[in-house]
Amino acid sequence: MVMTATGDLIIPLLGTPATVGLARTLADAWMCKWDYFHILDDALLIVSELVTNAAYETPHKEIRFQLSRDAQGVIIAVWDSGLGVPRPKPLRKLTLDDLDLSEEAFDDNGGWGLHIVQALATRCGATHDPAGGKWIWARMSVGGGVGQVG
């Protein structure tokens with residue numbers, strides 16, 4: 001784990017489902033330290049979605065979780081070595097009939113997380129890393145404002 005001079009968090013993790021809980025725990029500690037209680041729940045949901053996507057894209061490989069802040073707010077970013085940039089599913093109204101709730105397919109109803117991130121973040125996007133892989137990031141304003149993708 002690296003804590004920068006500005007108090008930001010950057011940590012390499014292994015892309016597994018358990019990593020999501022660790023990233024949420026670390027984000028919770030940093031956000032509370034920064035007194036950002038008013039955006040904590042939304043930030044933890046974004047952390048969950050971004051880390052889950054990275055672990056799914058590159059299972060059992062290194063991912064990197066970064067939580068930083070600046071004058072505009074908080075940046076949640078996750079790096080993975082995968083080439084593909086995640087794309088949200090087309091929006092449509094879902095009913096319970098659309099979901100396959102059978103035991104063997106129960107975990108196959110995902111894919112809506114990027115819509116959640118877009119709804120909660122002030123801005124979000126993807127940036128290719130010159131050293132390889134990509135960063136998927138979301139910015140949260142500490143004063144409010146949601147929904148702009150860029």
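Residues numbered from 1 in each chain as written. Predicted model: local features only at pLDDT ≥ 70, side-chain atom pairs only at ≥ 80, totals over all residues. Heavy atoms only, no water.

Draft legend 1. Here's a closer look at the nonpolar core. Membership of the largest hydrophobic core comes to 33 residues, with the highest contact counts inside it found for Met31, Ile46, Leu50, Val51, Phe65, Leu67 and Ile76. Going through the elements one at a time, strand 2 (9-14), helix 1 (17-33), helix 2 (40-57), strand 3 (62-70), strand 4 (73-80), helix 3 (113-120) and strand 6 (134-141) are the ones with two or more residues in this core. Counting residues per element, this core draws most heavily on helix 2, which supplies eight residues. Here phenylalanine 65 is in contact with Leu9, Ile10, Ile11, Leu13, Ala23, Ala27, Val47, Val51, Ile76, Ala77 and Val78, once residues within four sequence places are set aside. (Core = buried A, V, L, I, M, F, W, Y, C linked by side-chain atoms within 4.5 Å. Buried < 20%, exposed > 50% of the residue type's maximum accessible area, 1.4 Å probe, protein only. Helix = DSSP H or I, 4+ residues; strand = E, 2+ residues; numbered from the N terminus. Contact = heavy atoms within 4.5 Å.)

Draft legend 2. Inspection of helix 3 at higher detail. Along helix 3, the positions that sit buried rather than exposed are Gly113, Leu114, His115, Val117 and Leu120. Elements that come into contact with the buried residues of helix 3 comprise helix 2, strand 5 (123-128) and strand 6.

Draft legend 3. The arrangement of the side chain of threonine 19 in detail. Tracing the backbone shows threonine 19 in helix 1. Not counting the four nearest positions on each side in its chain, threonine 19 is found in contact with Leu13, Leu14, Val51 and Ile63.

Draft legend 4. Up close: the environment of valine 47. Turning to its location among the elements, valine 47 is positioned in helix 2. We classify valine 47 as buried; its relative accessible area is 1%. Note: C-alpha distance between valine 47 and phenylalanine 65 (18 residues apart in sequence) is 8.7 Å. Ignoring sequence-local partners within four residues, the contact set of valine 47 consists of Ala23, Arg24, Ala27, Phe65 and Ile76.

Draft legend 5. Focus on the layout of surface pockets. A volume near 190 Å³ is recorded for the second largest pocket. Forming the walls of the second largest pocket are 14 residues, and the residues nearest its centre are Pro86, Leu114, Gln118, Gly125 and Ala126. Elements with a contribution of two residues or more to the lining of the second largest pocket: helix 3, strand 5 and strand 6. A class-by-class count of the residues in the lining of the second largest pocket yields 11 nonpolar, two polar and one charged. (1 Å grid on protein atoms, 1.4 Å probe; cavity = no way out; pocket = protein on both sides within 12 Å on 5 of 7 lines; lining within 4 Å. Points joined across faces, edges and corners; volume = space filled by probe spheres on them. Nonpolar A, V, L, I, M, F, W, Y, C, P; charged D, E, K, R; others polar.)

Draft legend 6. Main features of the pattern of salt bridges. With the rule as written, the count across this model stands at three salt bridges. Residues arginine 64 and glutamate 62 are paired through a salt bridge, measuring 2.9 Å at the closest nitrogen-oxygen approach. Under the relative-accessibility criterion, arginine 64 is labelled partly exposed at 27%. For aspartate 80, the salt bridge goes to lysine 134, with nearest N and O atoms at 2.5 Å. (Salt bridge = Lys/Arg side-chain N within 4 Å of Asp/Glu carboxyl O.)

Draft legend 7. Region of interest: unusual backbone geometry. A positive phi angle, near 60°, is found at aspartate 35, a position not held by glycine. Along the chain, aspartate 35 turns up in the loop between helix 1 and helix 2. The class of aspartate 35 is exposed, set by a relative accessible area of 53%. Notably, histidine 60 is not glycine yet its phi reads approximately 60°, a positive angle. When you line up the elements, histidine 60 lands in the loop between helix 2 and strand 3.

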